[in-house]
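A look at the structure
These are the residues of each chain, in order.
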Amino acid sequence: MPLDSYGVLAGTLHRHFRDRPDAVGRWYHVNLLIDAPAGLYHCAIDVDSHQSATGVRWKVLTLDAEELGPAGAARPGYHDLAREPGSRALDFIRHPALVDGVAWTAGSHVEATLALEPILVRGRSVLVFGEPFRFGRGMHNIHQNQGDPYGSDWWEENGTWQDGATLTLREDGRYDAFLSKFSTQADMTDDDGHPA
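Residues numbered from 1 in each chain as written. Predicted model: local features only at pLDDT ≥ 70, side-chain atom pairs only at ≥ 80, totals over all residues. Heavy atoms only, no water.

The next thing to look at is the packing of aromatic side chains. This structure, assessed with the given rule, holds 2 aromatic pairs. Taking 5.8 Å as the distance between ring centres and 45 degrees as the angle between the ring planes, the aromatic pair formed by F92 and W104 counts as tilted. Of the two residues, F92 sits in the loop between strand 5 (77-80) and strand 6 (105-106) while W104 sits in the loop between strand 5 and strand 6, which places them 12 residues apart along the sequence. The class for F92 is buried, based on a relative accessible area of 5%. Given the relative accessible area of 22%, W104 is considered partly exposed. Consider the rings of Y150 and W155, whose centres lie 5.2 Å apart with planes at 85 degrees: the pair is edge-to-face. Under the relative-accessibility criterion, Y150 is labelled exposed at 72%. Residue classification places W155 among the partly exposed positions, given a relative accessible area of 23%. (Phe/Tyr/Trp six-rings, centres within 6.5 Å; stacked < 30°, edge-to-face > 60°. Helix = DSSP H or I, 4+ residues; strand = E, 2+ residues; numbered from the N terminus. Buried < 20%, exposed > 50% of the residue type's maximum accessible area, 1.4 Å probe, protein only.)

Before going further, it helps to spend a moment on the pattern of salt bridges. Taken as a whole and assessed by the stated rule, the structure comprises 9 salt bridges. Here D4 ties to R134 by a salt bridge, and the two come within 2.6 Å at their closest N and O atoms. On the criterion of sequence distance, the pair formed by D4 in the segment before strand 1 (7-18) and R134 in the loop between strand 7 (125-132) and strand 8 (138-140) is long-range, its members being 130 residues apart. Linking R18 and E117 is a salt bridge whose minimum nitrogen-to-oxygen distance equals 2.9 Å. Of this pair, R18 sits in strand 1 while E117 is found in the loop between helix 2 (109-116) and strand 7, placing the two residues 99 residues apart along the sequence. In the salt-bridge network here, residues are joined through shared partners; they are R124, R170, D172, R174 and D176. (Salt bridge = Lys/Arg side-chain N within 4 Å of Asp/Glu carboxyl O.)

Looking at helix 2, one finds that the buried residues are H109, A112, T113 and L116. Looking straight down helix 2, one finds that the buried residues subtend no more than 100 degrees of arc, so they occupy a single side. For helix 2, the secondary structure elements touched by its buried residues are strand 1, strand 2 (29-36), strand 3 (39-46), strand 4 (56-63) and strand 10 (175-182). (Arc of directions from axis to C-beta. Contact = heavy atoms within 4.5 Å.)

In structure tokens form, the structure reads like this:
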């Protein structure tokens, strides 16, 4: 069974901030505040995992809007998305623009944060893909949402065409994209989003 809901938020980056560090100095999210027609949205991007010493893996890409297809053309606001090819949905394993040969980087929460923050330019147009909060305005599950192993808490949320990502629009009309996934998630999945 996939995520309860999946969509894209289009708006303008108001600001970003890191979680308050825990007792050993770790934080797990970089948070965005995004201006959209309905108001300010809070988006939590994972940069570490409570379940693994190796945190997340990530890559940063620069993409032409045409490469993204419909994904790059959302109007301001939140939009539910069909989880299928040809919609605005993203799939790290199946979307042609995201399967580009750039290797995933593994590292600490600090390294992931330092890879993400340069694309978070205040005032940039931004697209955030993921699951909306059940209550209030915001987004989470802004990471790969497939490939979780059998027996994990997230096995039942596996699904194709429902990956979360953060894209910011550059002055040259291209997008900077930050993609992340947990180190326990598979690189290849079957038609149900389970590890292949």
